Amino acid sequence: MTARKRTSSVTNSENPLPPPKKTTIASADDFHLAPPKLGVIFVISSLLCSLYLYLLCFHYNVDSELKRPILINAGLSLVGFFVTLKLIPVAARYVLRRNMFGFDINKRGTPQGDVKVPESLGIAVGIVFLIVAIIFQFFNFTEDSLWLVEYNAALASICFMILLGFVDDVLDVPWRVKLLLPSFATLPLLMAYAGHTTIVIPKPLVSYFGLEILDLGRIYKLYMALLAVFCTNSINIHAGLNGLEIGQTVVIAAAILVHNVMQIGASVDTEFRQAHAFSIYLTQPLMATSLAMLAYNWYPSAVFVGDTYTVFAGMTMAVAGILGHFSETLLIFFLPQVLNFLLSLPQLAGIVKCPRHRLPKFDPATGLLTGTKDGTLVNVYLRIFGRKSEKSLCIHLLVFQALACAFCFLLRHFLAGWYK
Amino acid sequence: WLVEYNAALASICFMILLGFVDDVLDVPWRVKLVLPSFATLPLLMAYAGHTTIVIPKPLVAYVGLEVLDLGRIYKLYMGLLAVFCTNSINIHAGLNGLEIGQTVVTAAAILIHNVMQIGSSTDPEYHQAHAFSIYLTQPLMATSLALLAFNWCPSSVFVGDTYTVFAGMTMAVVGILGHFSETLLIFFLPQVLNFLLSLPQLAGIVKCPRHRLPRFDPATGLLTGTKDGTLVNVYLRLFGPRSEKSLCIHLLAFQALACAFCFLLRHFLAGWYK
């Protein structure tokens, strides 16, 4: 759910026979995007990436055969960061020319509330991500055809998701269809998933089940598809504040990278390491391109990300979790999103009335947000902790996300011996 | 098999995405030219086949080899083929039903070629390659025919760049992964012709207007060819003014003739050429 008021839809009139009419938007030429907030990005990047880089390069003795592709991927991602940074102002101009913009509801009543903010810039991120991911294939010369199958299936799934997200942003697809479509996008993934479909029964429950390992077979694949649908949609509904969508994505992505490198460092099984390296190959570009977009999307937002970005990010993380075989860990990283989903259930199910936007109320006089009775994490947080400014609230929620990820690491540490 | 299939899906999906973004945002044409190259990269990675070409028998004496391994240049050729296919359908357009029409005629020719090759060969890998092409061309054919139901003259919907680049890419993909790209090029003869005719204007040597369509006369309802370098205009200049529907049918018949000519060519040159 995007929190921006959409005014007009895209008009595209093209007649091959009569001479074409050129539609000109008066403001297109004198449109200038606010400069990227690189200082903020530098701080955020350092906070998120330093632990990961330290673990990768110094703490763990990662096999150089594995380290090289990871570093190459990191280099490509860095290039992707700068390309995205340059691409977004260009794309913003094109998008505005097509009347794809929104007004920032959380600034209504102030002069900023009348500014036309370009929408759906997630398409720029998605395209750069795909190009980086495609080019990376050339640098990872493995004879392993299984790897190529999984990688191409991942690319196909993510690409299809970006397409559906962008089509949704342009055409405003009804939500029932939106719910169903990610399932189709995950099909290439499910076909390519050649791993085990067994789950390890937690030790305390073995006596009840009588088995140590349970083969779920097809139900496991169903679980994977549902996971993808959940991830794509949950980021979408935990949104509405400047920088929240990308912010939660990069925090989770950092946690994923740390988890991956820890698992690589702590294991000797080649297949296991390959799986986590695979996840790194997808998450590093996601992180880099998202940070570039965050430079423009951080408070106060100069561009909006659109459904294109949220479904792309959700799908990429779901793919990384599924093909990297750490989907349960991923779910715990997604704890705030799960919470938000549970809080939203009454309204989504229609039991409680559900308005178009479930945003907190903005007071132009004080510049603070107050929580409404809507069932979202944003509102509940405001009701518990009192009114806040948008920027401060966003930072609080991102810290909460980071805490949830840290909690997950703690949980894994303690349950490691006892649970499995 | 799954590698090639998923790479094909990734390439085609990326092309549809780029086509739709172009339809929505109106991407500058220079970018439009380069983007299909990126969309073909998954394909080039997955192409595990031979990169050799068989030297035509008459030329063996000059070249000194029977089989020439082009290696990377072959991959470059494949990339260029994809760029060509996606863009050439796009510029051979402008009449109701022409874009989808040329696609389904070419697709039918592809299917016939595939099944002929499967029938006349015993090599299972060869069978697989042509079956692979069928698996992608049948859905293309079916969905295109459904769209044609709305797009045939007079059109109730337009296809947009989204369709033309998608169709071009899908056919390039089947030609590449089915290992019959040279045959595909001959099926594309009208598109090649159109491209060559358009070159002066595309290169900027001759002035190039926004649309290079024939002139429509509301009184008679007929189209007259202008001086623009497209197959549509040249056909009208050669054969006189026509109604849009009749012109479209003529051009599709020409497409079918080109495909038939290709089959004839393969039949005669089979023993002599290779």
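This structure is a prediction, so every number in the text was calculated from the model and none was measured.

Asks: Help me understand the overall build of chain A in this model?
Replies: A count of helical and extended segments in chain A gives 14 helices and eight strands. Within the span of chain A, comprising 420 residues, buried residues form 53% of the whole. Only carbon and sulfur atoms are counted for the fraction: they give 67% of the accessible area of chain A, which is about 18,800 Å².

Asks: Is there a simple way to think about the UniProt feature "transmembrane region" (unreviewed entry) in chain B in this case?
Replies: According to UniProt, the feature "transmembrane region" (unreviewed entry) maps to residues 6-25, 37-56, 76-93, 100-120, 132-150, 162-180, 186-206 and 247-269 of chain B in the numbering used here. End-to-end, the C-alpha atoms of residues 186-206 of chain B are 27 Å apart, and along that stretch the chain is 81% helix and 0% strand.

Asks: Even after reading the chapter, I still don't get the interface of chain B and chain A, so can you show me in this structure?
Replies: Reports often express the size of an interface as the amount of accessible area lost when the parts come together. Each partner contributes to the interface: chain B provides 29 residues, whereas chain A provides 37 residues. Carbon and sulfur atoms supply 79% of the area buried between chain B and chain A, which totals about 3,200 Å² over both sides. Among the residues chain B hides against chain A, the three largest losses belong to Leu17, Leu25 and Met45 of chain B. Together they make up 20% of the total. Our count for the contact surface shared by chain B and chain A stands at zero salt bridges. At the level of elements, helix 1 (2-25) and helix 2 (29-46) of chain B are the ones that each hand at least two residues to the side of chain B that touches chain A. For the side of chain B that touches chain A, the class distribution of residues is 22 nonpolar, three polar and four charged.

Asks: In this structure, what is going on with the packing of helix 3 (residues 122-136) of chain A against helix 2 of chain B? I would like to understand it.
Replies: When two helices pack together, you describe them by how their axes are tilted relative to each other and by the distance separating the axes. Here helix 3 of chain A crosses helix 2 of chain B at 40°, and the two axes come no closer than 9 Å. As summarised for this structure, helix 3 of chain A and helix 2 of chain B are arranged oblique, according to the angle between their axes. Here helix 3 of chain A and helix 2 of chain B pass one another in a crossing that is left-handed. Contact with helix 3 of chain A, carried on its side by Ile131, Ile134 and Ile135 of chain A, involves Phe38, Leu41 and Pro42 of chain B of helix 2 of chain B and no other residues of that element. Of the residues in the contact of helix 3 of chain A with helix 2 of chain B, the class split is six nonpolar, no polar and no charged.

Asks: When you look at the pattern of salt bridges in this model, what are you seeing that I'm missing?
Replies: Note on pairing: side chains with opposite charge can pair once their charged atoms come close. In total, this model carries four salt bridges over all chains according to the counting rule given. By sharing partners, the salt bridges in this structure join Asp168, Lys178 and Asp307 of chain A into a single network.

Asks: What's the story with the sheet that holds strand 8 (residues 388-389) of chain A in this structure? I'm lost.
Replies: Two pairing modes exist for strands in a sheet, parallel and antiparallel, and in both the strands are linked by backbone hydrogen bonds. Residues and elements named next belong to chain A. Ordered in space as 6-7-8, the three strands form an open sheet in which the pairing is antiparallel. One side of each edge strand has no neighbouring strand; the edge strands of this open sheet are strand 6 (361-363) and strand 8. Across three bridges, strand 6 lies against strand 7 (residues 368-370) in antiparallel orientation. Within the sheet, the bridge partner assigned to Asp363 lies in strand 7 and is Leu368.

About the thresholds
Residues numbered from 1 in each chain as written. Chains lettered and ligands numbered in written order. Predicted model: local features only at pLDDT ≥ 70, side-chain atom pairs only at ≥ 80, totals over all residues. Heavy atoms only, no water. Helix = DSSP H or I, 4+ residues; strand = E, 2+ residues; numbered from the N terminus. Buried < 20%, exposed > 50% of the residue type's maximum accessible area, 1.4 Å probe, protein only. Areas by Shrake-Rupley, 256 points an atom, 1.4 Å probe, with all protein chains shown as cover. UniProt positions renumbered as here; feature names shortened; annotations may be inferred. Contact = heavy atoms within 4.5 Å. Buried area = accessible area lost by both parts, 1.4 Å probe. Salt bridge = Lys/Arg side-chain N within 4 Å of Asp/Glu carboxyl O. Nonpolar A, V, L, I, M, F, W, Y, C, P; charged D, E, K, R; others polar. Axes fitted to C-alpha atoms, helices over the stretch in contact; angles between N-to-C directions. Parallel < 35°, antiparallel > 145°, perpendicular 65-115°, else oblique. Left-handed = near helix turned anticlockwise from the far one by under 90°. Pairing = 2+ DSSP bridges.

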